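Residues per chain, in single letters:
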Amino acid sequence: MKRRSKRTRKNSRRSPSKPRSNAPTLTTVEQFFALRGRGQEIQIAVPNAVWLMRSSDFSALAAARATGISQKTLLRRGRSALHKLDNGRYAAKPYDDLFRVVIVVSASKGPVEVATRDSREASKAGKHSAAVQRYLETGDDSALRRFEGQHIIDAEGKRVALLTDLDELDRLGSAGELSFESLYARSR
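Scoring rules and cut-offs
- Residues numbered from 1 in each chain as written.
- Predicted model: local features only at pLDDT ≥ 70, side-chain atom pairs only at ≥ 80, totals over all residues.
- Heavy atoms only, no water.
- Helix = DSSP H or I, 4+ residues; strand = E, 2+ residues; numbered from the N terminus.
- Polar contact = N/O pair within 3.5 Å; in protein donor to acceptor, adjacent residues only side chain to side chain.
- Core = buried A, V, L, I, M, F, W, Y, C linked by side-chain atoms within 4.5 Å.
- Buried < 20%, exposed > 50% of the residue type's maximum accessible area, 1.4 Å probe, protein only.
- Pairing = 2+ DSSP bridges.
- Contact = heavy atoms within 4.5 Å.
- Expected span 1.5 Å × (residues − 1).
- Salt bridge = Lys/Arg side-chain N within 4 Å of Asp/Glu carboxyl O.

Caption draft 1: Region of the structure containing the environment of Ser-55. Its place among the elements puts Ser-55 in helix H2 (residues 38–56). A distance of 3.5 Å separates the side chain of Ser-55 from the side chain of Ser-56, its partner in a polar contact.

Caption draft 2: Quick look at the nonpolar core. If you look at the biggest cluster of nonpolar residues, it comprises 20 residues, and the most contacted ones within it are Val-104 and Leu-169. Broken down by secondary-structure element, the contributors of at least two residues to this core are strand E3 (100–106), strand E4 (110–116), helix H5 (119–138), helix H6 (142–145) and helix H7 (166–174). The element contributing the most residues to this core is H5, with five residues. Grouped together as the second largest cluster of nonpolar side chains are 16 residues, Ala-63, Ala-64, Ile-69 and Leu-74 included.

Caption draft 3: Structural context of the pairing of E4. Of all seven residues in E4, five are buried, a share of seventy percent or more. Hairpin connection between E3 and E4: a loop of three residues separates the two successive antiparallel strands.

Caption draft 4: Molecular detail of the environment of Tyr-135. Among the structural elements, Tyr-135 can be located in helix H5. Through-space distance from the C-alpha of Tyr-135 to that of Asp-170 is 9.1 Å; in sequence the pair is 35 residues apart. Leaving out residues up to four positions away in the same chain, Tyr-135 has contacts with Asp-140, Asp-141, Leu-144, Leu-166, Leu-169 and Asp-170. Side-chain polar atoms of Tyr-135 contact the side chain of Asp-170, separated by 3.0 Å.

Caption draft 5: Region of the structure containing H2. For H2, built from 19 residues, the straight-helix expectation of 27 Å at 1.5 Å per residue is met to within 8% by its first-to-last C-alpha distance of 25 Å. Among the residues of H2, Gln-40, Ile-42, Gln-43, Ala-45, Val-46, Pro-47, Ala-49, Val-50, Leu-52 and Met-53 are the ones counted as buried. Residues of H2 that are buried make contact with helix H1 (29–34), helix H3 (60–67), helix H4 (71–77), strand E1 (82–84), strand E2 (90–92) and E3. Where H2 ends, the next residue or the one after it, Asp-57, has phi of about 60°, a positive value.

Caption draft 6: Here's a closer look at the pattern of salt bridges. Applying the stated rule across the entire model yields eight salt bridges. We note a salt bridge from Asp-140 to Arg-134, for which the minimum N-O separation is 2.6 Å. The class of Asp-140 is partly exposed, set by a relative accessible area of 25%. The shortest N-O distance in the salt bridge between Lys-158 and Glu-156 comes to 3.5 Å. What emerges from the salt-bridge pattern is a single network uniting Arg-54, Asp-96 and Arg-100.

Dropping the structure here:
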């Protein structure tokens, strides 16, 4: 009796490519604010969860729970920011390329929302904002001097110069444009 050979078609096999994510690829603040409901919440939660893992030594599960998302969502959407350890746990990389929107006190427009894909740029924006608040509250500009000539690179690769001019900061502060409430008042 003749044996039949088992044929397999190349096209019928599943490729070992990465699982697809239905997450939108965002590059602008407008795209972020065009998201509705849960989509916007997830875009905020994933980088926050990665930050918790990086700064507070949270596990992936604990960080996901703390930010209101599932571990599965964190692992799928934050894949580029995480690496798997030998023991099977996940750890955050030193920096990441996750999309986030940050408030930047820019030299040309004052406080603006900037989309970035680099955690180092987001960190720089946060440190600059803290230095601005410190100057406005105490008059101490020592932390602000570190940012002279500095800029943030947004998600589209454009430079946004950081404001360090003390006269302009005083003007914006007096007008109430640099208060905590005005910087973080935009609703989700």
